[in-house]
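Structural description and commentary
The lines below spell out each chain.
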Amino acid sequence: KSLTMGNLAKNLLKKGLNGVYFTLELSEEVVAKRFDSMFSGICQADILRNITKASIEIKSQASSYGKMFIKRLPESSTNANHLRAYLKEFEIVNGFTPDFMVVDYLDLMASVQQISAENTFVRDKFIAEELRSIANDFNLMMITASQLNRSAQQIESIEDLNHSHVAGGLPKIMTCDNRVAIIQRIGKAS
C-alpha cells in the first residue's frame, strides 16, 4: 500500500504538483528514505552509503518537481480534524494549499464522530466521508489505501475481485472515485 501510494505521489510531484504525505504507520525518516530511493534510483539499503550520489541525483530533478511534505501522525487517534488543522496551518506557513495529499492509510484513522468500536461499517463510512470532505473543501486530490480481506487471496481471477474483498467493504468503495487493487501471489508454482 505505502509503496503504491508513494509512487503515485512521485508521479504527481514529477508533474510539478505539491503534496503532503501523512504517515500513520511509518516514521517520517523511513518515508523520506523511500522517496529518496524512488527519485535517485538507488535502493533503500544503499542510500546512506551513496548519500552524495543520491543527493546529486535528487537535486538535479528538484527544480522541475513539486514539493513533498511528510508528516507523521499517531495511528488510531488521528482524525479528519487533525488533518484539517495541519492543512490550515500549512497554508498559512507556506502560502499555498497542496495539490494532493496521501493518507497512509485509512484503516489506521479514527472518525471525528463518537462510534462504538464494534460498528466498523459506520466507522469506515464516516472516515471515508470525512477524508472525501477534506479533498472537496481544500480542492485537492486525496490518496489513501485500505486492506483487502483474507478472502481476496482465494479468488481465482482478478475479475472476481469486488467490494466484499475490501476490509470494511462497501462504505469505502462508495466514497471513492477511483480504486486500484493490488494482489500479490506468492508460492504459485506451475
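Quick summary incoming for the structure in this document.

With five of its five residues buried, strand β3 (residues 100-104) lies for the most part within the structure. Note: strand β1 (residues 19-23) against β3, five bridges, orientation parallel. Its bridge partner lying in β3, Val20 is registered against Met101. With four bridges joining them, β3 and strand β4 (residues 141-144) adopt parallel strand pairing. If you follow Val102 over to β4, its bridge partner there is Ile143. Once the chain exits β3 it traverses helix α5 (residues 120-138) before rejoining the sheet at β4, and the crossover so formed is right-handed.

Let us look at helix α4 (residues 80-94). Its 15 residues give α4 an end-to-end C-alpha distance of 21 Å, which sits within 8% of 21 Å, the value for a rise of 1.5 Å per residue. Restricting attention to buried positions, one finds in α4 the residues Ala80, Leu83, Arg84, Leu87 and Phe90. One face of α4 carries all of its buried residues, which in axial projection span an arc of 125°. Those residues of α4 that are exposed and angled more than 90 degrees off the buried face are Glu89, Ile92 and Val93. Buried residues along α4 sit in contact with β1, β2 (68-72), β3 and α5. With a side-chain oxygen lying 2.8 Å from the backbone nitrogen of Asn81, the N-terminal cap of α4 falls on Asn79. At the C-terminal side of α4, Gly95 shows a positive phi close to 80°.

Turning next to the packing of helix α2 (residues 28-40) against helix α3 (residues 51-62). Their axes nearest at 9 Å, the elements α2 and α3 cross at an angle of 75°. One way to sum up the angle between α2 and α3 is to call them roughly perpendicular. Residue-level contacts link Asp36, Phe39 and Ser40 of α2 to Ala54, Glu57, Ile58 and Gln61 of α3. Residue composition of the contact of α2 with α3, by class: three nonpolar, two polar and two charged.

Take the packing of helix α1 (residues 2-14) against α2 next. The N-to-C vectors of α1 and α2 enclose an angle of 55°; their axes lie 10 Å apart at closest approach. Relative to α2, the element α1 is oriented oblique. When you trace α1 past α2, the crossing you get is right-handed. The residues of α2 that touch α1, namely those facing Ser2, Leu3, Gly6, Asn7, Ala9, Lys10, Leu13 and Lys14, are Arg34, Phe35, Met38 and Phe39. Along the lines of polarity and charge, the residues of the contact of α1 with α2 split into six nonpolar, three polar and three charged.

Procedures and definitions
- Residues numbered from 1 in each chain as written.
- Predicted model: local features only at pLDDT ≥ 70, side-chain atom pairs only at ≥ 80, totals over all residues.
- Heavy atoms only, no water.
- Buried < 20%, exposed > 50% of the residue type's maximum accessible area, 1.4 Å probe, protein only.
- Helix = DSSP H or I, 4+ residues; strand = E, 2+ residues; numbered from the N terminus.
- Pairing = 2+ DSSP bridges.
- Right-handed = clockwise from strand over helix to strand, strands pointing away.
- Expected span 1.5 Å × (residues − 1).
- Arc of directions from axis to C-beta.
- Contact = heavy atoms within 4.5 Å.
- Polar contact = N/O pair within 3.5 Å; in protein donor to acceptor, adjacent residues only side chain to side chain.
- Axes fitted to C-alpha atoms, helices over the stretch in contact; angles between N-to-C directions.
- Parallel < 35°, antiparallel > 145°, perpendicular 65-115°, else oblique.
- Nonpolar A, V, L, I, M, F, W, Y, C, P; charged D, E, K, R; others polar.
- Left-handed = near helix turned anticlockwise from the far one by under 90°.

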